[in-house]
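Here's the letter readout for the chains.
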Amino acid sequence: MVVKHAFLKEVCHDVHMKITCAFQYELYVDETRRAALSRNAGCRRFVFNKALGIQNERKSKGEKLLTYKELAHELVLWKKQPETAFLREAMAQPLQQALLDLDRAISDSFRPKSDPAHKGWPKFKAKDIGDGFRVPQFAPEHIDDANGRVKLPKIGWIRYRRTRAIAFECANGTLVPGVVKQIHVKKDCGRWFVIFTVEFEVQAPDMKALDVGIDVGVVHAVATSDGRFYDLDTAKIRSIEKRIAGLKRKLSLNQESRKKLAKLGLAEPFDKKQPSRKRRQLKERIQNLYRKIRCIRQDFHRKTAHALAQEYGCVYVEDLKVKNMTASAKGTVANPGKNVKQKSGLNRAILRTGFYSLRQTIEWQLLKVGGVMIPVDPRGTSITCPHCQSRDKRNRPTQAIFKCVNESCGFKANADVVGALNVLRKGRTGPSAHNKSTSPM
């Protein structure tokens, strides 16, 4: 399976543009190479956690935090110490990159809260969660794309499942080679993948003449102003979520049973760092089901985005603040929230569809064919009549039906299509409607 993700890096001029893409392939690994990959990922995690522990201690004492260069010097000393000499068996670049990641994460935590790049203080890395490493410096001959293999330091050649060439497919079908900037190796549900970050310089294709407004929702994932619907298979996802809930109950019972047996002296004390075989199996099954949900959602996003990009040159979409929309309504003990159960159900439905990821995928697919996506203000799009512009909450008596209360109008249609029509009108009449040459960054 190839997972593509790209973003606009730089628009040079009207003819050429630079695009950075990521090509992901599954690695074919035996037990020896699997152990080597796990060892490198574990060493990277160890270095990150050890450095974070030092920074946490200095922060608690009010001392000045160490810089990246100082931590890199400490890394050299760690490799010479007998208790951490195992770090010499791992690649050098991933360990240095772990220190760079920590330095960047700490810098982001000091940004003002109004800055979108602001993040909280970094936390310790856990095993089997985001395991992987990256190699930013390598020789071009270490990537043999024709035979589907890559050479990693201290590991050697590893074959990968070459589902497509490492090349950018232009709108006219031609393949353009690029320059690989870095290699990232990651683990997902017991399987190892390699990701090549590639930079391309391609000719910007001509934009298509048609434009469309879309409305995203939980009943119909995407509704267009032309009256089309693109629906995510939420029934299948919900059935998988039920299976996950059952396995999580078994996982909880496994922990409780182990603690009861430990009290009776019939089993060893429960330890999350050294789980039993049954507990490991349950966690693997849960991870695989989550991955299945993720694949279903990604497949829908890409197919929908491709269908829109092949027909339209400009797509107007609601500029939704998903983080605010999915905020918890639980409240506090002193000030409890209202309709908490209904709001939590809506939050799950929004996250199940993946509004933000869908928007990113549409933007990328449009970029490939020379199109553009323009966000518009979402306020009032669901209760405003597209004919008479009457804005009233009574215009939408139910979730699916829109009926204008204005007696002189009486317009009636599907509520999602009405929302898409209003998005289209706002996009065409907004300030950005006269400048569609580049996407808003």
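Every value quoted in this text rests on a predicted model; they were computed, and no experiment measured them.

J.: Could you give an account of the overall build of the protein chain, naming the residues involved and the relevant values?
T.: When its secondary structure is counted, the protein chain shows nine helices and 17 strands. Oriented by its inertia axes, the alpha-carbon framework of the protein chain measures out at about 85 × 60 × 45 Å. Taking all 441 residues of the protein chain together, the buried fraction comes to 41%. Counting contacts in the protein chain only where the partners sit at least 6 residues apart, residues at least 24 apart contribute 66% of the total. Accessible surface computed for the protein chain: about 25,400 Å², of which carbon and sulfur atoms make up 52%. Within the protein chain, the 44 negative side-chain charges are centred at a point lying 7 Å from the centre of the 84 positive side-chain charges.

J.: Can you tell me about helix α9 (residues 415–429), naming the residues and giving the values?
T.: For α9, which comprises 15 residues, the first-to-last C-alpha distance of 21 Å matches the rise-based estimate of 21 Å (1.5 Å per residue) to within 8%. Taken as a whole, α9 has its buried residues at Ala415, Asp416, Val417, Val418, Gly419, Ala420, Asn422, Val423, Leu424 and Gly427. For α9, the N-terminal cap is asparagine 414; the gap from its side-chain oxygen to the backbone nitrogen of aspartate 416 is 2.9 Å.

J.: Help me get a handle on the sheet that holds strand β11 (residues 211–216), residues and values and all.
T.: Here we have five strands laid out as an open sheet, ordered β13-β12-β11-β14-β15, and mixed in their pairing. Each edge of the open sheet is held by one strand with a lone partner, namely β13 (229–230) and β15 (372–376). One ladder, built from two bridges, connects strand β12 (residues 222–224) with β13; its direction is antiparallel. Bridge pairing in β13 links valine 222 to tyrosine 230. The strands that α9 touches are β11, β12, β13, β14 (314–318) and β15; relative to β11, the one it contacts most, it runs at about 135°.

J.: Break down the side chain of aspartate 145 for me, with residues and values.
T.: Position of aspartate 145 relative to the elements: it lies in the loop between β4 (143–144) and β5 (149–152). For aspartate 145, a relative accessible area of 17% gives the class buried. At 3.0 Å, the side chain of aspartate 145 forms a polar contact with the side chain of tyrosine 160.

J.: Hey, could you go over a nonpolar patch on the surface for me, with residue numbers and the actual values?
T.: Nonpolar side chains collect at one region of the surface, where Val218, Val219 and Leu346 lie side by side and expose about 220 Å² of accessible area between them. The exposure class of valine 218 is partly exposed, given its relative accessible area of 33%.

J.: Which residues make up the packing of aromatic side chains, and what values do they have?
T.: In this structure the tally under the stated criterion is nine aromatic pairs. Measuring from ring centre to ring centre gives 5.9 Å for phenylalanine 23 and phenylalanine 200, while their planes differ by 70°; the resulting arrangement is edge-to-face. Placement of phenylalanine 23 in strand β2 (residues 16–28) and of phenylalanine 200 in strand β10 (residues 191–203) is noted, with a sequence separation of 177 residues between them. Taken as a pair, phenylalanine 23 and phenylalanine 200 share a single burial class, namely buried.

J.: Explain the nonpolar core residue by residue, including any values.
T.: In this structure, Leu27, Leu37, Leu152, Ile183, Val185 and Phe196 are the most contacted members of the largest nonpolar core, which totals 33 residues. Of all the secondary-structure elements, those providing two or more residues to this core are β2, α1 (31–61), β3 (132–135), β5, β6 (156–160), β9 (179–188), β10 and α8 (355–368). Other than its neighbours up to four places away in sequence, isoleucine 183 contacts Phe133, Arg134, Val135, Phe138, Ile143, Val150, Leu152, Val194, Ile195 and Phe196.

J.: Go over unusual backbone geometry, please, and point to the residues and values.
T.: The phi dihedral of aspartate 128 is positive, around 65°, even though this residue is not glycine. Exposure remark for aspartate 128: the relative accessible area of 40% places this residue in the partly exposed category.

J.: I'd like a description of the pattern of salt bridges, backed by residues and values.
T.: Applying the stated criterion to the full structure yields 25 salt bridges. Residues aspartate 188 and arginine 291 are paired through a salt bridge, measuring 3.4 Å at the closest nitrogen-oxygen approach. Remark: arginine 291 occurs in helix α5 (residues 277–311) and aspartate 188 occurs in strand β9; sequence separation between them is 103 residues. Considered together, aspartate 188 and arginine 291 belong to a single accessibility category, that of buried residues. Among the charged side chains, a network of salt bridges with common partners joins Arg44, Asp101, Arg104 and Arg134.

J.: Outline the confidence of the model for the protein chain, supporting the account with residue identities and numerical values.
T.: Close inspection of predicted coordinates is inappropriate in any region flagged by low pLDDT. Counting all residues, the mean pLDDT for the protein chain is 87, and 93% of those residues have values of 70 or more. Across residues 1–13 the pLDDT falls below 50, and counting only partners more than four positions away or on other chains, this stretch makes 44 contacts in the model.

J.: Describe in detail the environment of cysteine 404, supporting the description with residues and values.
T.: Within the element layout of this structure, cysteine 404 appears in the loop between β16 (401–403) and β17 (412–414). We classify cysteine 404 as buried; its relative accessible area is 5%. Sequence-wise, cysteine 404 and valine 218 are 186 residues apart; in three dimensions their C-alpha atoms are separated by 23 Å. Here cysteine 404 is in contact with Cys385, Cys388, Ser390, Asn395, Cys409, Gly410 and Phe411, once residues within four sequence places are set aside.

J.: Account for the pairing of β2, with residues named and values stated.
T.: Within β2, ten of the 13 residues are buried, which leaves the element mostly enclosed by the surrounding structure. Sheet topology note: the β2/β10 ladder contains eleven bridges and is antiparallel. The partner of tyrosine 25 across the bridge, within β10, is valine 194. When β2 meets β6, the two strands line up antiparallel, connected through two bridges. Residue pairing for β6: leucine 27 is matched across the bridge by tyrosine 160.

Scoring rules and cut-offs
Residues numbered from 1 in each chain as written. Predicted model: local features only at pLDDT ≥ 70, side-chain atom pairs only at ≥ 80, totals over all residues. Heavy atoms only, no water. Helix = DSSP H or I, 4+ residues; strand = E, 2+ residues; numbered from the N terminus. Buried < 20%, exposed > 50% of the residue type's maximum accessible area, 1.4 Å probe, protein only. Contact = heavy atoms within 4.5 Å. Areas by Shrake-Rupley, 256 points an atom, 1.4 Å probe, with all protein chains shown as cover. Lys, Arg positive; Asp, Glu negative; His and termini not counted. Charge placed at Lys NZ, Arg CZ, Asp CG, Glu CD. Expected span 1.5 Å × (residues − 1). Polar contact = N/O pair within 3.5 Å; in protein donor to acceptor, adjacent residues only side chain to side chain. Pairing = 2+ DSSP bridges. Axes fitted to C-alpha atoms, helices over the stretch in contact; angles between N-to-C directions. Patch = residues over 30% accessible without salt bridge, like charges linked within 9 Å, V, L, I, M, F, W, Y side chains within 5 Å. Salt bridge = Lys/Arg side-chain N within 4 Å of Asp/Glu carboxyl O. Phe/Tyr/Trp six-rings, centres within 6.5 Å; stacked < 30°, edge-to-face > 60°. Core = buried A, V, L, I, M, F, W, Y, C linked by side-chain atoms within 4.5 Å. pLDDT = per-residue confidence, 0-100.

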